[in-house]
Structure formats: C-alpha cells, structure tokens
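An overview of the molecular structure
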Amino acid sequence: MNSNYGSHYLASSHQRLRPESTSVFIEGINLILSRWIGLQLAIKNEWGGRDSRQKSEQFVSDILSWFSLSKLPLYVDDLEHMLDEKMLLCFHTEIDDGSIEEVAEELIIIYEDCLQGSHELVEKLRKSNSGAEFVSQHKQITGGHRGITRP
C-alpha cells in the first residue's frame, strides 16, 4: 500500500478513480457504513429525525464527493473531520469511541485498492457480510452506548 498514515497523507492521491471502479467503491462505502455501529444506532433510533435513512444514503454520496471533488492531496484527518461533522449535524451524535478514525482508514484503504484497479477488498467485505464485524469489532457497545453521545 502506498499510504503513509503517520503523516495522514494519501500517497496515491494524485490519481482519481476510473469510472469502472467508481461503482465498486460506492459498494465499499455502503458496506463499511453498514458495519459502523454508531451510524447504525443513529439510523435505527432516528437520531437524525424521521429521515435518518435518507440522511444515511446522502452520507454515501457525500463521502464519494469528498474523494472525487476534494482538492489534492487528500488527508485522512480531513476525512475524519468530515465524518465527525456529518454525524453531529445530520444525526446529532458525537462519536468518540475511535470508530470515526477506523471508518476513515477503511474508506482510504478501499479507495486506494480501487485506484489500483483492484476490487479484492470490496469482494472480501461482500463475503464477510455478517454484521458489524469489520468496523469496531473489538469495541463492545454496552448499556449506555459508551463512546456515542447525543449533545
């Protein structure tokens, strides 16, 4: 992989997705978000209002736009900030369990895989379609939903 997460810079960021990889990347975004416990709780409990499901669909579009329209180079910190801001503004939810960083990193990894014309990681996500194991697997949300708060 060509990423250097220590400096939060995407080394492959001088490229953009080819059209044939865009649909695979969108599927990857959907798969990652479907496993993000904080987002799924916000949707299920309608923390963003009755249109929480539509807001989650818009979230996918916003992430794709971030990757395709952001000024190069792309920085992981900027993606984390965008995810955090969307969760707060759209779902009135603060996520401080580390999952935003995990989700951002997984999105970057999938993006770089698709940039290289590989769809292997999305295929693995597809095959492991068994709930929230991919993101925050080691984090157990119990009782008061530790790390997820509504201001």
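For the chain, the name recorded in an unreviewed UniProt entry is Pre-rRNA-processing protein TSR2, with Papaver nudicaule as its organism. Of the chain, the UniProt comment under Sequence similarities (unreviewed entry) reads exactly: "Belongs to the TSR2 family."

Of regular secondary structure, the chain possesses 6 helices and 4 strands. Taken from N to C terminus, the helices and strands of the chain fall in the order β-β-α-α-α-α-β-α-α-β. Split into buried and exposed, the 151 residues of the chain put 43% on the buried side. When the accessible surface of the chain is summed, it comes to about 8000 Å², and 49% of that surface belongs to carbon and sulfur atoms.

Further remarks concern the pattern of salt bridges. As enumerated under the stated definition, the model contains 6 salt bridges in all. Between Asp51 and Lys55 there is a salt bridge; the shortest N-O distance is 3.8 Å. According to the relative accessible area criterion, Lys55 is partly exposed, its value standing at 22%. Note that Arg126 is salt-bridged to Glu123, the shortest N-O span being 2.1 Å. With Arg126 and Glu123 both in helix α6 (residues 120-127) and 3 residues apart, this pair spans about one turn of that helix. The class for Arg126 is partly exposed, based on a relative accessible area of 35%. Residue Glu123 is classed as partly exposed on the basis of its relative accessible area of 28%. Each member of the salt-bridge network shares a partner with another, and the members are Glu27, Glu123 and Arg126.

About the criteria used
Residues numbered from 1 in each chain as written. Predicted model: local features only at pLDDT ≥ 70, side-chain atom pairs only at ≥ 80, totals over all residues. Heavy atoms only, no water. UniProt positions renumbered as here; feature names shortened; annotations may be inferred. Helix = DSSP H or I, 4+ residues; strand = E, 2+ residues; numbered from the N terminus. Buried < 20%, exposed > 50% of the residue type's maximum accessible area, 1.4 Å probe, protein only. Areas by Shrake-Rupley, 256 points an atom, 1.4 Å probe, with all protein chains shown as cover. Salt bridge = Lys/Arg side-chain N within 4 Å of Asp/Glu carboxyl O.

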